[in-house]
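The lines below spell out each chain.
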Amino acid sequence: MSKKRLVVIGNGMAGIRCVEEIIAVSPDTYEIVIYGSEPRPNYNRIMLSKVLQGEHDLQDIIINDWSWYEDHGIRLCAGETVHKIDTSSKTIETTSGIRESYDILILATGSAPFIPPIPGVDKERVMSFRTIDDCARMSAYSQVHRKAAVIGGGLLGLEAARGLLHLGMEAVVVHNAPYIMNRQLDLQAATMLQHELEAQGMSFLLNKNTQKIVGRSQAQGLQFTDGTKLEAQVVVVAVGIRPNVEVAKRSGIRTHRAIVVDDYMRTSVPDVYAVGECAEHRGISYGLVAPLYEQGKVLARFLCGQETAEYKGSIPYSQLKVSGVDVFSAGNISGEEMQTAVQMLDGIRGTYKKILMKEGHVSGAILFGDTTESASLLGLVQRGAGVEELAPREEGPNPAEKAAAALADQETVCACNHVSKVMIMRAIQDKGLQTAEQVKEHTKASGSCGGCRPMVTALVKHTLHLQKNGGIASEAAVAKTTEWPVCSCTDLGHASLKEVLKRLSDRDPSEHAISADHHHLYGIHEDDGMRRIMQQLDWRTEEGCDVCHPALRYYLKITGKWMSMQQPERAGNRNDILRGAVVGIEVHTGDMKFEAMAEDLQFRWVNADMPAPVRVVLSGGASSWVSPIVQDIGLQESPAGWEIYAGGHAAHPVKEGALLGLAETEKDAVRLISACLELYRRTAWYDEPLWAWVERLGFISIRENLLDPQFQIELAGKMVSELTFT
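Here the structure is a predicted model, which means the values were calculated and not measured.

Visitor: What exactly am I supposed to notice about the packing of aromatic side chains here?
Guide: For any pair of aromatic rings, the description consists of the separation of the ring centres together with the inter-plane angle of the planes. Taken as a whole, this structure holds 9 aromatic pairs when the rule is applied. Its end group placed over the ring of Y293, R17 keeps NZ or CZ at 3.8 Å from the ring centre. A cation sits over an aromatic face here: R696 above W685, 3.7 Å from the ring centre.

Visitor: Where do I start with unusual backbone geometry in this structure?
Guide: Residues apart from glycine generally show negative phi values, whereas peptide bonds are mostly found in trans. A positive phi is found at M181, a non-glycine position, where the angle reads about 45°. Checked against the element boundaries, M181 lands in the loop between β13 (170–174) and α6 (187–199).

Visitor: Looking at this structure, how should I read the sheet that holds strand β15 (residues 210–214)?
Guide: Sheets are built from strands that pair by backbone hydrogen bonding, the pairs being arranged parallel or antiparallel. Spatially, β15-β16-β17 is the arrangement adopted by the 3 strands of the open sheet, whose pairing is antiparallel. Edge positions in the sheet fall to β15 and β17 (229–231), since each of these pairs with one other strand and no more. Each strand of the sheet is rotated relative to its neighbour by a mean of 20°, with strand direction disregarded.

Visitor: Got a minute to help me understand the confidence of the model for the protein chain in this structure?
Guide: Any residue range with low pLDDT should be treated as having predicted coordinates unsuitable for detailed reading. Per-residue pLDDT for the protein chain has a mean of 84; in total, 85% of the residues score no lower than 70. In this model, residues 471–482 is a region of pLDDT below 50 whose contacts with residues beyond four sequence positions or in other chains number 31 contacts. Every residue in residues 508–525 scores below 50 in pLDDT, and together they form 38 contacts with partners more than four places removed in sequence or on other chains.

Visitor: Quick question: what am I supposed to make of the pairing of strand β26 (residues 351–358) here?
Guide: Regular strands place side chains that alternate from one sheet face to the opposite one. The element β26 is largely enclosed, with a buried count of 7 among its 8 residues. Alignment of strand β25 (residues 339–346) against β26, held across 7 bridges, turns out to be antiparallel. Directly across from L345, in β26, lies its bridge partner Y352. Between the end of β25 and the start of β26, which pair antiparallel, lie 4 residues, with G350 showing a positive phi angle near 70°. Where β26 and strand β27 (residues 361–368) come together, 7 bridges link them in antiparallel fashion. Bridge assignment links L356 to a residue of β27, and that residue is G364. Counting the residues in the hairpin turn of β26 and β27 gives 2 residues, including E359, whose phi is positive at 55°.

Visitor: I tried to follow a positive patch on the surface on my own but got confused; where do I start?
Guide: A surface patch of positive charge is lined by R183, R242, K249 and R257. The topology assignment puts R183 in the loop between β13 and α6.

Visitor: Any chance you could explain the packing of helix α11 (residues 421–431) against helix α13 (residues 453–468) here in plain terms?
Guide: For any two helices packed against each other, the geometry comes down to the angle between their axes and how far apart the axes lie. In the contact formed by α11 and α13, the axes pass within 10 Å of each other and the chain directions differ by 55°. Taken together, the axis directions place α11 and α13 in an arrangement best described as oblique. Of the two elements, α11 crosses α13, and the hand of that crossing is right-handed. Note on element contacts: α13 touches α11 through V456, L459, V460, H462, T463, L464, L466 and Q467, opposite K421, I424, M425, I428 and Q429.

Criteria and cut-off values
Residues numbered from 1 in each chain as written. Predicted model: local features only at pLDDT ≥ 70, side-chain atom pairs only at ≥ 80, totals over all residues. Heavy atoms only, no water. Phe/Tyr/Trp six-rings, centres within 6.5 Å; stacked < 30°, edge-to-face > 60°. Lys NZ or Arg CZ within 6 Å of the ring centre and 35° of its normal. Helix = DSSP H or I, 4+ residues; strand = E, 2+ residues; numbered from the N terminus. Pairing = 2+ DSSP bridges. Axes fitted to C-alpha atoms, helices over the stretch in contact; angles between N-to-C directions. pLDDT = per-residue confidence, 0-100. Contact = heavy atoms within 4.5 Å. Buried < 20%, exposed > 50% of the residue type's maximum accessible area, 1.4 Å probe, protein only. Patch = residues over 30% accessible without salt bridge, like charges linked within 9 Å, V, L, I, M, F, W, Y side chains within 5 Å. Areas by Shrake-Rupley, 256 points an atom, 1.4 Å probe, with all protein chains shown as cover. Salt bridge = Lys/Arg side-chain N within 4 Å of Asp/Glu carboxyl O. Lys, Arg positive; Asp, Glu negative; His and termini not counted. Charge placed at Lys NZ, Arg CZ, Asp CG, Glu CD. Parallel < 35°, antiparallel > 145°, perpendicular 65-115°, else oblique. Left-handed = near helix turned anticlockwise from the far one by under 90°.

What follows is the structure, encoded as structure tokens:
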């Protein structure tokens, strides 16, 4: 069966991220063709200013080189601009005459610099700052000219001016507002930034409106509405961007400011989608990386037939380094209803923090000079957290490490690439990383806009500090989170306890007290070994209690370093409901197919240690008085094969499970059920019912993992291996 052809118009960051997600989810679904107007592979446009400033060259900012397209079977038509879409025949046409048919079309045309209608804007040496070619033109101009003007005091204008300074030119920023970056900063932060930039050699003309660009055929300067003039041989216009919608508009696709899309990025035309800066969702078009990547992920999953949450919009934020100065801004920072919740200015360190609230909830934040708190503040803004969460915490070794330590484990540090604090810390520890650059290579954190680099650096210092300060005690500290403790004997929650024990089990046995030696811990009786472990994990009681002792014993078992050596007993009566934290298999039909499946499941799971008792019900369908939908795991026959449900609960609180998947054969059904049980066994907290586990992890997330064929086989085979060889 031939693949559907997916054509992407646009080789920029949003469109390619969507393609990357499609490859990750379902690599064999589509034949992919990409058209890009620039004659080069995909690169990080956000880093252009670093190229201009001499910090990077072109190769450093390439995201996917030519070989990436080839390795994934993608046909890249570089240097080709699509100017026509025939939605009735489902074809596109480029300006050079290439015609291409499509089954699915993604518009990722991005945006273009907005050029205001200033007289003289079409003269030579007047340019925008958007592409690698623009960087080359600026560099060439700097060889023969010395005076430059930048119209626009936003981020892009400031970065262009800093690049011109690096090239040896005089750079004057002309802005029509009272202070620079007025959309992201308040007056205090903007003034501090301006002083920093002036110290670097930049000049500013504020509250200035350009009347015209003077000079005959080439730019010679600016004339303002107040009658004053400025000499300049190079003029860079950086006043904003405008979505590229012309090809969509000509093709009858609905546009407003940008291409109008719904919550699944669908346009007004069937089989045509839009993502990135060219898309307008709920009246908003985004020019920031994180929202564009979020859109790409939703669209990719939708096109691959995977369950996905709708895209509901994003909280706008900017986390960046402006000419060497760290700046962060999130949410609403102005408006009559906004009130200041926190405001701190440190003139000696050159740092500033302001947090705004609305009706008692965090609604916006600004950081200048030190942005290590940006991830936690962004989380507060996104959740609309109550201002009581801003209460100061215990002092840490320094402000950066304090912020790193205070950040919740699951909080996102790199929103562009969805990398959390715990993912970064695990990479540092597991791979022995020592620098933020190494973290970027292994996790992609700070690899896009680079704004989260201060927090990544702080997390490296924080994690290395914990490791240096000692063995198991530091492991416990690394794992400690804001979760509820297992019991009053410890400060560790279930997630933290599992994480510590897993790390210990991965070490050389000589380093710790955990052993796989039958019923002993390195020659020590089990109870003595348990006491040693509890001592080293700072337990408050010597013996533990009825809550933590069985939890600790269970977590030790599933690490694989302390397992019961009793040979598994074979299945007894399949209708017996096994006592304790085990799997009970029930059959509610006389059909022999169900008998065989029950025996297979019971053979696999009769002796498995589980976090809580699990009830698996095999039901004959509508004729059965037992519903599979309100069981931990339920199976029933259907015309398509077998339906497997998970996450139900028949007692109070009654909960309906959801369809986990369809299986064509009995063998497939047993494998999916076994994979679900093994995933539950690995990831649930001790004494956490399966329905509560589903609620905590999210059904869609669990289903996505279990329907990955390779992972499903791995999970299902894990238990058979343990029963056979332990």
